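# Chains, contacts and geometry: an overview
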Amino acid sequence: MSSFLKNLPSTSSLVAAYATISTFLMLLKSMFDLMVPEKARESIIAIVQEHIISRFFTSFTFVIEEEWEFGDNALFRAAMVYLPTKIGPSTQTVLLGFKEKHKFETPPETGVPVWGHVVDEFENMKLKWTLKSKKSKNMLYSRERKFFHLTCNKNHRDKVMKNYFPHVALTARSILNNRKGLRIYTYDQSHCYWESTAFKHPSTFATLAMEPDLKKFIMEDLDMFVNRKVFFERVGRTWKRGYLLYGPPGTGKSSLVAAIANHVRYNIYDLQLGTVKSDFDLRRLLTSTTNRSILLIEDIDCSSNSNVAQERPKDSDDDDDDDDDDDNANAKVKKKSMPPSSQGVTLSGLLNFIDGLWSSCGEERIIIFTTNFREKLDPALRRPGRMDVHINMGYCTPAGFRVLVSTYLGIQEHDLFVRIEKLIQAVEITPAEVAQQIMKSDQPEVALESLVEFLSAKKNEVDEAKTKKAEKDTKQEEKLSAKNGVDEAKTKKEEKDTKQEEKLSGDQDNGQPSESEMRSIYLT
Ligand SMILES: Nc1ncnc2c1ncn2[C@@H]1O[C@H](COP(=O)(O)OP(=O)(O)OP(=O)(O)O)[C@@H](O)[C@H]1O
């Protein structure tokens, strides 16, 4: 033993040998990098991996990145939903969290952390998932990109492709379909990705103050839409539905959007068009929304940075184009001096997504635009058929008032109802204003009195305005008729003068004295 130890090289010679070998290898690699073109290098590495390294390894690794072909990778998303259900005793690190309204008696929710492993078993195969992360090389999007490595026995490669991945996707879909909470996404402009938070808006069709017929129509329309996958496929249309909600502020457009989301159980992607730099970015972020979702663009008439509400004016050389409803002609708008990335979203860019070729990216989508001023929208957006359904969210009606009072005060009848309903029909009051008044007290009597007071004050304003207008009109009429009287008298006088002049000149022309002259002659 001691002779063996004696024959061992010293530590310093081992370090020296290690340094020489690593320097030699580094030199070799630098020469390889310098002398062999990149493409050839990749091919050589692939060959070495396939024929030499793989002989020593029995495993195979699938890489599943967050993105796929300009959009989100649905398989990555499915894995994110599926894997937390597979966290078991062999999992060494786990991501933990509580949702806002989590009941603290139950354990927190779990997820897969970056660099965490989850081992799954399926049809006698052992599958090891690892979530990894890398910094994106793209200059525009500098955030970390996550990706999965799924390692299995290399002999199971085909079976994983054919059986396991569909199993992951289907299981994730069923988990999502049964999920209780919805999410609302907003676009993070600085990182170019959708950020989400739990969506817990309490608005439902039951609490919406609307005409019952309109409410019924919308609910039936939504139900028909979500159940018509086969129909849309058969008629060759993209499975999507567009709603344009318009009306004054406070009439419930946002509340209706929330009611729709709660009814169909879709997540909402809330997009502020002004934050999107270009049509290219719009395409990118829209393709990364998921199926079974609502794309919401609120106040489309005042998206400051975008050119959507009214398309930009055309250049003079476009004048010959057939203007009106030819959206593509409208889309030829140019801002030659600006780089494409800073032009904002164009109407054509958006329309392309609503019903152009890009609209086919994804299915089961609801698109909702809201506006306070429908008339301000470009005709191309208002055109019948562009958005499937136009919904006028008008002022509060007696039926709407009854819904609000039942929701807020829990009453169906009251002595003041008849008076209130009459007042509501006489003035323009939004459901938001009604809600504001009846929220003032839990006691129906007090709350309704407050509403009566508010409505009466409004009615007085309306009456006053009406009286003022009537007075103004009467004054104007009087002024007009006085002016007409003067004009008439003037005209009559002018006519008389003209006649006299004509007569006079006629007599002079005859050379004969007039009757009066004759008379005067005879008299003298
Ligand atoms: N039709 C309605 N039914 C029930 N509640 C309503 C309705 N309209 C308004 N409200 C109440 O008024 C508040 C404001 O309404 P909401 O934001 O939905 O109106 P909006 O039309 O979207 O307004 P804006 O155009 O300013 O965005 C809501 O939170 C809700 O409480």
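Predicted model only: the values in this text are computed from it and were never measured. (Residues numbered from 1 in each chain as written. Predicted model: local features only at pLDDT ≥ 70, side-chain atom pairs only at ≥ 80, totals over all residues. Heavy atoms only, no water.)

## Things to note about the overall build of the chain
Looking only at helices and strands, the chain features 17 helices and 15 strands. Looking at the chain as a whole, 34% of its 524 residues are labelled buried. When contacts within the chain are restricted to residue pairs at least 6 apart in sequence, those whose partners lie at least 24 apart make up 69%. Summing over all exposed atoms, the chain offers an accessible surface of approximately 33,100 Å²; the carbon and sulfur share of this is 55%. (Helix = DSSP H or I, 4+ residues; strand = E, 2+ residues; numbered from the N terminus. Buried < 20%, exposed > 50% of the residue type's maximum accessible area, 1.4 Å probe, protein only. Contact = heavy atoms within 4.5 Å. Areas by Shrake-Rupley, 256 points an atom, 1.4 Å probe, with all protein chains shown as cover.)

## A short note on the site of the ligand
Around the ligand sit 16 residues in total, of which A209, G250, K253, S254 and S255 are the nearest. Here an oxygen atom of the ligand and a side-chain polar atom of S255 are 2.7 Å apart. About the coverage of the ligand: the protein hides 72% of its 620 Å² of free accessible area. Within the residue set of the shell around the ligand, elements represented by two or more residues are α8 (253-264), α13 (398-409) and α15 (431-438). Per-element tally for the shell around the ligand: the top contributor is α8, with three residues. Split into classes, the residues belonging to the shell around the ligand amount to eight nonpolar, seven polar and one charged. (Near = heavy atom within 4 Å. Polar contact = N/O pair within 3.5 Å; in protein donor to acceptor, adjacent residues only side chain to side chain. Nonpolar A, V, L, I, M, F, W, Y, C, P; charged D, E, K, R; others polar.)

## Description of a negative patch on the surface
Residues D415, E445, E449 and E453 make up a contiguous surface patch of negative charge. With respect to the helices and strands, D415 occurs in the loop between α13 and α14 (417-426). (Patch = residues over 30% accessible without salt bridge, like charges linked within 9 Å, V, L, I, M, F, W, Y side chains within 5 Å. Salt bridge = Lys/Arg side-chain N within 4 Å of Asp/Glu carboxyl O. Lys, Arg positive; Asp, Glu negative; His and termini not counted. Charge placed at Lys NZ, Arg CZ, Asp CG, Glu CD.)

## Thoughts on the packing of aromatic side chains
Applying the stated criterion across every chain, the model contains 15 aromatic pairs. Where F62 meets F165, the ring centres are 5.2 Å apart and the plane angle is 85°; that geometry is what we call edge-to-face. Within this pair, whereas F62 is found in strand β1 (residues 59-65), its partner F165 is found in helix α5 (residues 157-177), the two being separated by 103 residues in sequence. Ring centres of Y82 and Y164 lie 6.3 Å apart, and the angle between their planes is 80°; this geometry places the pair in the edge-to-face category. Here Y82, found in helix α4 (residues 74-82), pairs with Y164, found in helix α5; they are 82 residues apart in sequence, far enough to count as distant. You can call Y82 buried: its relative accessible area is 1%. In textbook terms, an aromatic cluster arises when at least three aromatic residues are bridged by ring pairs, as seen for F60, F62, F76, Y82, F122, W129, F148, Y164 and F165. Sitting over the face of the ring of F147, K134 holds its NZ or CZ atom 5.3 Å from the ring centroid. The positively charged end of K376 is found above the aromatic ring belonging to F373, 4.5 Å away from the centroid. (Phe/Tyr/Trp six-rings, centres within 6.5 Å; stacked < 30°, edge-to-face > 60°. Lys NZ or Arg CZ within 6 Å of the ring centre and 35° of its normal.)

## Structural notes on the side chain of S450
Mapping S450 onto the fold places it in helix α16 (residues 444-510). Looking at S450, its side chain comes within polar contact range of the side chain of Q437, at 2.9 Å. If near-sequence neighbours (up to four positions away) are discounted, S450 is found in contact with Q437 and K440.

## Examining the nonpolar core
Counting 29 residues, the largest nonpolar core has L256, I260, I366, I368 and I391 as the members making the most contacts within it. Breaking this core down by element, the ones donating at least two residues are β9 (182-188), α6 (212-226), β11 (240-246), α8, β13 (293-297), β14 (365-371) and β15 (389-392). Excluding residues that lie within four positions of it along the chain, I391 makes contacts with M210, L214, I218, Y243, L244, L245, Y246 and L256. (Core = buried A, V, L, I, M, F, W, Y, C linked by side-chain atoms within 4.5 Å.)

## A closer look at α5
An α-helical segment advances 3.6 residues per turn. Residues three or four places apart therefore align on the same side. Between its first and last C-alpha, α5 extends 29 Å over 21 residues, near the 30 Å set by a 1.5 Å rise per residue. Of all the bends found along α5, the most pronounced is centred on Y164 and spans about 30°, while P166, a proline, follows it within four residues. Inspection of α5 places V160, Y164, F165, V168 and A172 among the buried residues, and these make up the whole buried set. Where α5 is buried, its residues touch β1, α4, β6 (117-122), β7 (125-135) and β8 (144-153). (Expected span 1.5 Å × (residues − 1). Bend = angle between axes of the 7 residues up to and from the residue.)

## What to know about the sheet that holds strand β12 (residues 267-270)
One open sheet holds the seven strands; their spatial order is β10-β9-β12-β13-β14-β11-β15, and the pairing between them is mixed. The strands lining the two open edges of the sheet, one partner per strand, are β10 (193-199) and β15. The mean angle between the axes of side-by-side strands here comes to 20°, regardless of whether they run parallel or antiparallel. Strand direction decides the pairing type here: β11 and β14, joined by seven bridges, are parallel. (Pairing = 2+ DSSP bridges. Axes fitted to C-alpha atoms, helices over the stretch in contact; angles between N-to-C directions.)

## Observations regarding the packing of α6 against α8
Axis separation between α6 and α8 bottoms out at 11 Å; the angle between their running directions is 40°. One way to sum up the angle between α6 and α8 is to call them oblique. Taken as a pair, α6 and α8 cross one another with a handedness that is right-handed. For the pair α6 and α8, the contacting residues are I218, M219, L222, D223 and V226 in the first and L256, I260, H263 and V264 in the second. Of the residues in the contact of α6 with α8, the class split is seven nonpolar, one polar and one charged. (Parallel < 35°, antiparallel > 145°, perpendicular 65-115°, else oblique. Left-handed = near helix turned anticlockwise from the far one by under 90°.)

## Examining the sheet that holds β6
Spatially, β1-β8-β7-β6 is the arrangement adopted by the four strands of the open sheet, whose pairing is antiparallel. Where the open sheet ends on each side, the last strands, each with one partner, are β1 and β6. Going from strand to strand, the sheet's axes swing by 25° on average, the running direction of each strand aside. As paired strands, β7 and β8 are joined by eight bridges and run antiparallel to one another. Paired with W129 across the strands is L150, a residue of β8.

## Focus: the packing of α13 against α15
Axis separation between α13 and α15 bottoms out at 10 Å; the angle between their running directions is 35°. As for the relative orientation of α13 and α15, their crossing is right-handed in sense. Between α13, through F401, L404, V405, Y408 and L409, and α15, the contact on the second element is made entirely by P431, V434, A435 and I438. Among the residues making up the contact of α13 with α15, the classes are represented as nine nonpolar, no polar and no charged.

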